[in-house]
Structures are given as C-alpha cells and as structure tokens.
Amino acid sequence: MVHTHHALDYVELPAPDLAASTAFYAQAFGWRFNDYGDGAYAGIRAADGEGEVGGLNPAALSGTVGPLILLFSTDLDATVRAVEQAGGDVVQQPYAFPGGRRFHFRDPAGNELGVWSES
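J.: Just to check I follow, could you spell out the pairing of strand β7 (residues 100-106) for this structure?
T.: Both faces of the sheet carry side chains from a regular strand, because those side chains alternate between them. Taking burial as the measure, the 7 residues of β7 include 5 buried ones, the bulk of the element. Hairpin connection, strand β6 (residues 89-97) to β7: the antiparallel pair is bridged by 2 residues, and G99 has positive phi, about 110°. Where β7 and strand β8 (residues 112-117) come together, 6 bridges link them in antiparallel fashion. Within β8, the position partnered with H104 by the bridge is G114.

If you want it as structure tokens, here you go:
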C-alpha cells in the first residue's frame, strides 16, 4: 500500500462495543479486520487486502465525537512543527503504535485529526 504525504489516509471510528461494531461492518459491507488482541483495536483492511484504510477504536467515545481522520506523513516531526506553526493545537504528542508513530491535533475550528508515519 502506497501512502501519500499529507493526504487523507485513514479513518478511525469510535467503537465502544468492538465486537458488535466489527460484526456489523463485516455483515453490512463485507469489511475484514486486523485484530490487535483482547478487544484493544480492529484495523479495517484495505479492499485489496494490502494494508489498512481505517480502524475501530473501543477507547474512543461515540456520539458527539466524529470519526478521526488520519493523514500520512513521511516526516512526522516536521509535520508536528508545521501544524504548530500554522496555528494548530497538538493535543497528543507523537507516540508509538503498532505500525509506526502518530500524533493528534485540533485545527482552528476545533476538529481533531491525527497524523501518522511508519517510523
């Protein structure tokens, strides 16, 4: 799977009941998932089976919180600086996760987005 710098890359949906959500999306749309164990997270596999296009996050609150849009970066630290310089508010500093690193920020309207990189 090829990732494009600063392009929309991944959508994360709140899923407080991960089992119910994975069952729903599998039945309704034929989605397949990468299971990250013990109800921790389910990655939504790309249609061709190569990589992931999104995820179901049981730790995220559903309801008034919308999906988390993730952008891809070839240089995460430079992107953090660019977000801050543009007036964004970094609400979660870069952290490691299976597959790379990511951070979260709020834009001037208060929308939260994330950016990830493979390293």
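J.: Could you clarify how one ought to interpret the nonpolar core in this entry?
T.: Across soluble globular proteins, you tend to see nonpolar side chains buried next to one another. Core analysis: the biggest nonpolar cluster contains 9 residues, these being L71, L76, V80, V83, V90, F103, F105, L113 and V115. Ranked by residues supplied to this core, first place goes to helix α2 (residues 76-85) with 3 residues. Residues contacting F105, with those up to four places away along its chain left out, are V83, D89, V90, V91, N111, E112, L113 and V115. Judged by nonpolar contacts, the second largest core, of 8 residues, contains A15, L18, Y25 and L56.

J.: Help me out: how do you make sense of the environment of G39 in this one?
T.: Mapped onto the elements, G39 comes out in the loop between β2 (33-35) and β3 (42-45). By relative accessible area, which is 42% here, G39 ends up partly exposed. Along the primary structure G39 and P16 are separated by 23 residues, whereas in three dimensions their C-alpha atoms are 9.8 Å apart. When sequence neighbours within four positions are dropped, the list of residues in contact with G39 reads L18 and P58.

J.: I'm lost on the sheet that holds β8 in this one. Help?
T.: Through backbone hydrogen bonds, the strands of a sheet pair up, either in parallel or in antiparallel fashion. Here we have 8 strands laid out as an open sheet, ordered β2-β3-β4-β1-β5-β8-β7-β6, and mixed in their pairing. Every other strand in the sheet has two partners, leaving β2 and β6 as the edge strands with one partner each. Mean inter-strand twist for the sheet, computed between neighbouring axes without regard to direction, equals 25°. Packing of helix α1 (residues 18-29) onto the sheet brings it into contact with β1 (8-14), β2, β3 and β4 (52-57), and relative to β4 it is tilted by some 140°. Taken strand by strand, α2 contacts β6, β7 and β8, and its axis lies near 5° from that of β7.

J.: Whenever I open this one, α1 confuses me. Can you help?
T.: Within an α-helix, residues lying three or four positions from one another point in the same direction, as the helix has 3.6 residues per turn. The first and last C-alpha atoms of α1 sit 16 Å apart over 12 residues, in line with the 16 Å expected at 1.5 Å per residue. Residues of α1 that are buried: L18, S21, T22 and Y25. Angular distribution of buried residues about the axis of α1 spans 95°; they occupy a single face of the element. Exposed and oriented more than 90 degrees from the buried face of α1 are A19 and Q27.

J.: Honestly, the packing of aromatic side chains in this entry has me stumped. Any pointers?
T.: We describe a pair of aromatic rings using the distance from one ring centre to the other and the angle between the two ring planes. A full pass over the atoms with the stated rule returns 9 aromatic pairs. Centroid distance F72 to W116: 5.0 Å. Interplanar angle 70°. Geometry classified as edge-to-face. Highlighted residues: F72 in strand β5 (residues 68-72) and W116 in strand β8, separated in sequence by 44 residues. Using a relative accessible area of 10% as the deciding quantity, one classes W116 as buried.

Conventions adopted
- Residues numbered from 1 in each chain as written.
- Predicted model: local features only at pLDDT ≥ 70, side-chain atom pairs only at ≥ 80, totals over all residues.
- Heavy atoms only, no water.
- Buried < 20%, exposed > 50% of the residue type's maximum accessible area, 1.4 Å probe, protein only.
- Helix = DSSP H or I, 4+ residues; strand = E, 2+ residues; numbered from the N terminus.
- Pairing = 2+ DSSP bridges.
- Core = buried A, V, L, I, M, F, W, Y, C linked by side-chain atoms within 4.5 Å.
- Contact = heavy atoms within 4.5 Å.
- Axes fitted to C-alpha atoms, helices over the stretch in contact; angles between N-to-C directions.
- Expected span 1.5 Å × (residues − 1).
- Arc of directions from axis to C-beta.
- Phe/Tyr/Trp six-rings, centres within 6.5 Å; stacked < 30°, edge-to-face > 60°.

Keep in mind that these numbers describe shape and distance, not what the molecule does.
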